[in-house]
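Below, each chain spelled out in residue letters.
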Amino acid sequence: MKVLVFLILLTFSPPLTGNSKLDADTAHTGLMKRHRALQESGDLFNDYLMLSQAAGQYEADGKLCNLAGTHNALGNLFEQLDETDLALKNFLKAEALYAKCGDSISTTKIKLNIANCYFKQGERQKAKEILLPLEREAISRQDTDYHASVLFSLLRSFMSDNDIRSYFSYVDTLKMLPLSNPKLNYKRNTHLGFCQYLKKD
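Just so you know, the residues in each chain are numbered from 1, in the order the chain's sequence is written. Per-residue local features are limited, in this predicted model, to residues with pLDDT of at least 70; the limit for side-chain atom pairs, both in listing and counting, is 80 or more; totals at the level of whole chains, interfaces and linings are taken over all residues. To obtain the side-chain values, all non-hydrogen atoms of the structure were used and water was disregarded.

**Things to note about the overall build of the chain**
Here comes step 1: Tallying secondary structure elements over the chain gives twelve helices and zero strands in all.
Here comes step 2: Starting at the N terminus, helices and strands are each numbered in turn, a helix being any DSSP run of H or I of at least four residues and a strand any DSSP run of E of at least two. For the chain, the α and β elements follow one another from N to C terminus as α-α-α-α-α-α-α-α-α-α-α-α.
Here comes step 3: A simple rule labels every residue: compare its accessible area, found with a 1.4 Å probe on the protein chains alone, to the largest value its type can have, and call it buried under 20%, exposed over 50%, or partly exposed in between. Per-residue burial for the chain yields a buried fraction of 44% across its 201 residues.
Here comes step 4: Residue contacts are counted whenever heavy atoms from the two residues lie within 4.5 Å of one another. Pairs at least 24 apart in sequence give 58% of the contacts found in the chain among residues at least 6 apart.

As structure tokens, this is what we get:
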């Protein structure tokens with residue numbers, strides 16, 4: 001089903017040009033609000049059309065930070081469709097644009113998306129080379145939910161490499177985080193339970 005939706009998107013999507021004028025509703029904050037609403041409703045087709053049009057206009061207007069955010073959103077959309085190559089392409093564009101417009105926080109944070117794409121492509125060492133220093137970044141330590149997400153990706157890498165010692169070490173780091181997000185807490189408890197199971201053996 002996802003592949004069918006993706007083929008439809010490619011067939012009918014407009015090129016990323018800045019020829020058509022955006023409505024006032026697609027000022028960047030409004031754009032992201034509509035993007036989230038379309039995501040929640042599962043309307044990926046119209047989400048793609050809207051983001052593509054916005055990317056073209058932002059590029060024409062030279063609004064690099066808005067263009068970066070739009071490529072990040074496109075990357076997330078393609079990731080939902082299991083189109084990892086296209087997701088990675090958009091995340092890398094967003095990273096370069098965030099750096100160009102001086103947004104150091106977003107430049108750092110998007111590295112998690114990039115690492116996850118590399119992992120899915122089978123480039124696990126490349127993913128880990130991004131994740132290990134990212135876990136030590138100040139932004140990771142300042143944003144607890146983000147830090148947890150980086151740790152979850154690292155734990156997946158360690159398990160895929162059968163690196164149990166590193167897995168145990170980073171589970172201990174995860175255990176100390178003051179998480180309030182129920183979904184993240186559930187994932188953490190799953191790792192804690194699995195860690196206890198492994199230690200029993």
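Moving on from the coordinates now.
**Side note on helix α11 (residues 164-175)**
Here comes step 1: A helix's residues, less one, multiplied by 1.5 Å, set its expected span. Look at α11: 16 Å from first C-alpha to last across twelve residues, which is about the 16 Å you get at 1.5 Å a residue.
Here comes step 2: Those residues of α11 not exposed but buried are Ser 166, Tyr 167, Phe 168, Tyr 170, Val 171 and Leu 174.
Here comes step 3: The inward-facing, buried residues of α11 contact α8 (124-136), α10 (144-160) and α12 (182-200).

**Notes on the state of the cysteines**
Here comes step 1: Two cysteine sulfurs form a disulfide in these notes if their separation is within 2.5 Å. Counted by the stated rule, this structure contains one disulfide.
Here comes step 2: At a sulfur-sulfur separation of 2.2 Å, the disulfide partner of Cys 65 is Cys 101. The sign of the S-S torsion, about 115 degrees, decides the handedness of the disulfide formed by Cys 65 and Cys 101: right-handed. Highlighted residues: Cys 65 in helix α4 (residues 64-80) and Cys 101 in the loop between α5 (84-100) and α6 (104-109), separated in sequence by 36 residues.
Here comes step 3: Of the residues examined, Cys 65 reaches a relative accessible area of 34% and is grouped as partly exposed.
Here comes step 4: Under the relative-accessibility criterion, Cys 101 is labelled partly exposed at 27%.

**As for the side chain of Thr 84**
Here comes step 1: Within the secondary structure, Thr 84 is located in helix α5.
Here comes step 2: Residues in contact with Thr 84, not counting those within four places in the same chain, are Cys 117, Lys 120 and Gln 121.

**Some words on the confidence of the model for the chain**
Here comes step 1: As a per-residue quantity, pLDDT reports the predictor's confidence and falls between 0 and 100. Of all residues in the chain, 87% attain a pLDDT of 70 or more, and the chain-wide mean is 87.
Here comes step 2: Between residues 7-26, whose pLDDT stays under 50, and residues either more than four places distant or in other chains, the model counts 35 contacts.

**A few points about the nonpolar core**
Here comes step 1: Formed by 51 residues in total, the largest nonpolar core has its most connected members in Leu 31, Leu 51, Ile 114, Ala 148, Leu 155, Tyr 167 and Leu 174.
Here comes step 2: For this core, the element with the most residues is α10, which contributes eight residues. Definition used in this section: a nonpolar core is a set of buried Ala, Val, Leu, Ile, Met, Phe, Trp, Tyr and Cys residues joined via side-chain atoms within 4.5 Å.

**Quick word on the pattern of salt bridges**
Close approach of charged atoms allows side chains with opposite charge to pair.
Here comes step 1: Salt bridge criterion: a side-chain nitrogen from Lys or Arg within 4 Å of a carboxyl oxygen from Asp or Glu. Applying the stated criterion across every chain, the model contains seven salt bridges.
Here comes step 2: Residue Lys 175 pairs with Asp 172 through a salt bridge whose shortest N-O separation is 3.8 Å. Taken together, the positions of Lys 175 and Asp 172, both in helix α11 and three residues apart, correspond to about one turn of that helix.
Here comes step 3: Of the residues examined, Lys 175 reaches a relative accessible area of 46% and is grouped as partly exposed.

**Here we look at the packing of α5 against helix α7 (residues 111-120)**
Helix-helix packing is described using two parameters, namely the angle between the two axes and the distance between the axes.
Here comes step 1: Axis lines are fitted through C-alpha atoms, for helices just across the contact stretch, and the angle between N-to-C directions can take any value from 0 to 180 degrees. For the pair α5 and α7, the least separation of the axes is 9 Å and the interaxial angle reads 155 degrees. It follows that α5 is roughly antiparallel to α7 by the angle criterion. Both α5 and α7 take part in a crossing whose hand is left-handed. Residues Thr 84, Ala 87, Leu 88, Phe 91, Leu 92 and Glu 95 of α5 touch α7, and the partners they reach there are Lys 111, Asn 113, Ile 114, Cys 117, Tyr 118 and Lys 120.
Here comes step 2: For the contact of α5 with α7, a count of residues per class yields seven nonpolar, two polar and three charged. The cut-offs work like this: below 35 degrees is roughly parallel, past 145 is roughly antiparallel, 65 to 115 is roughly perpendicular, and the gaps in between are oblique. In this scheme the handedness of a crossing depends on how the near helix is turned from the far one: anticlockwise by less than a right angle means left-handed, clockwise means right-handed. Charged residues are taken to be Asp, Glu, Lys and Arg, nonpolar residues to be Ala, Val, Leu, Ile, Met, Phe, Trp, Tyr, Cys and Pro, and polar residues to be all remaining types, Gly included.

**As for α8**
Residues separated by three or four positions in an α-helix point in the same direction, a consequence of the helix having 3.6 residues per turn.
Here comes step 1: With 13 residues, α8 extends 19 Å between its outermost C-alpha atoms, agreeing within 8% with the 18 Å of an ideal straight helix rising 1.5 Å per residue.
Here comes step 2: Buried within α8 are the following residues: Ala 127, Lys 128, Ile 130, Leu 131, Leu 134 and Glu 135. Projected down its long axis, α8 shows its buried positions confined to an angular sector of 165 degrees, all on one face. Away from its buried face by more than 90 degrees, α8 exposes Glu 129 and Arg 136.
Here comes step 3: Residues of α8 that are buried sit in contact with α6, α7, α9 (138-142), α10 and α11. In this description, the arc belongs to the directions extending from the helix axis to the C-beta atoms.

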